[in-house]
Amino acid sequence: MVAEQRTRKPAERLSLSWHWHRRPVVHVTGHMDAGELVINGAHYAASPIGATDPSAAGERCDFHWRLTKADGERYDVDLSGNWPPCSCADSSFNPARPGGCKHRRALTEAMEQGRLVLVVRYAEGQG
Ligand SMILES: [Zn+2]
C-alpha cells in the first residue's frame, strides 16, 4: 500500500492570475509604502524584506519579499534562486511543481515584466 502512494501524480503547473492593486513605493527617507498584490483574487500586502537603501536614486529591485494576507498569514518569498523559494505549504510539499507556488510565480512574473521595481520618491523640494 505504501508503494502505490509513490505513483502519485506530480504537481501540475498552477493556473494563475495576478495584478498590482497598488505598487510598493520607497521614499528617499527610507520609509516604504507596502504594495498590494492580488493573486487569484486574494489580496496580499507586499513588502521587500531587509534593508532598503534610501540613497539609491531612481529604481531598484528586491529579491526577498514578504506577502501578508488580510488574516495575518505571511509568506516569505525568495526570488534569488535559493531554497526554499517560498515559506508556504505548497512550496514545501510540491517542490517539483513547474514554476513553483503561486506566490513565487506571481512575484517572478512581476519581476520579469519589470513590475517588481520599487520607485524611489524624493520628498518635495529635494528632487
Ligand atoms: Zn508560496
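Structure first, text after, so check above.
Residues numbered from 1 in each chain as written. Predicted model: local features only at pLDDT ≥ 70, side-chain atom pairs only at ≥ 80, totals over all residues.

What to know about the overall build of the protein
For the record, the criterion: Secondary structure counts use DSSP, requiring at least four H or I residues in a row for a helix and at least two E residues in a row for a strand, with both numbered from the N terminus. To sort residues by burial, count the other C-beta atoms lying within 10 Å of each one's C-beta; a count of 20 or more means buried, 12 or fewer means exposed, and anything in between means partly exposed. C-beta atoms are built from the backbone. It is the C-beta atoms, placed from the backbone, that decide contacts: two residues are in contact if theirs lie within 7 Å.
For the protein, the count of helices and strands is three helices and nine strands. For the protein, the sequential pattern of α-helices and β-strands runs α-β-β-β-β-β-β-β-β-α-α-β. For the protein, with 127 residues in total, the buried portion stands at 23%. Here the contacts in the protein between residues at least 6 apart in sequence split such that 45% fall between residues at least 24 apart.

Thoughts on the environment of Lys 102
Tracing the backbone through its elements, the reader meets Lys 102 in helix 3 (residues 102–112). Residues Lys 102 and Ser 91 lie eleven residues apart in sequence; the distance between their C-alpha atoms is 9.0 Å. The contact partners of Lys 102, leaving out residues within four places of it in the chain, are Leu 14, Leu 16, Ile 39 and Asn 40.

What about the sheet that holds strand 7 (residues 64–69)?
Using the following cut-off: At least two bridges found by DSSP between two strands are what make those strands a pair. The axes are straight lines fitted to the C-alpha atoms, using for helices just the contacting stretch, and the angles between their N-to-C directions are given from 0 to 180°.
Taken in spatial order, the five strands line up as 1-4-5-7-8 in an open sheet, and their pairing is antiparallel. Each edge of the sheet is formed by a strand with only one pairing partner; in this case those strands are strand 1 (18–22) and strand 8 (74–78). Direction aside, neighbouring strands of the sheet carry axes that sit 30° apart on average. One ladder, built from five bridges, connects strand 7 with strand 8; its direction is antiparallel. In the sheet register, Leu 67 faces strand 8, and the bridge partner there is Tyr 75.

A closer look at the pairing of strand 4 (residues 35–39)
Alternating residues of strand 4 divide into Gly 35, Leu 37 and Ile 39, all buried, and Glu 36 and Val 38, none buried. Where strand 1 and strand 4 come together, four bridges link them in antiparallel fashion. Its bridge partner being in strand 4, Trp 18 is matched across the sheet by Ile 39. With five bridges joining them, strand 4 and strand 5 (residues 42–48) adopt antiparallel strand pairing. Within the sheet, the bridge partner assigned to Gly 35 lies in strand 5 and is Ala 46.

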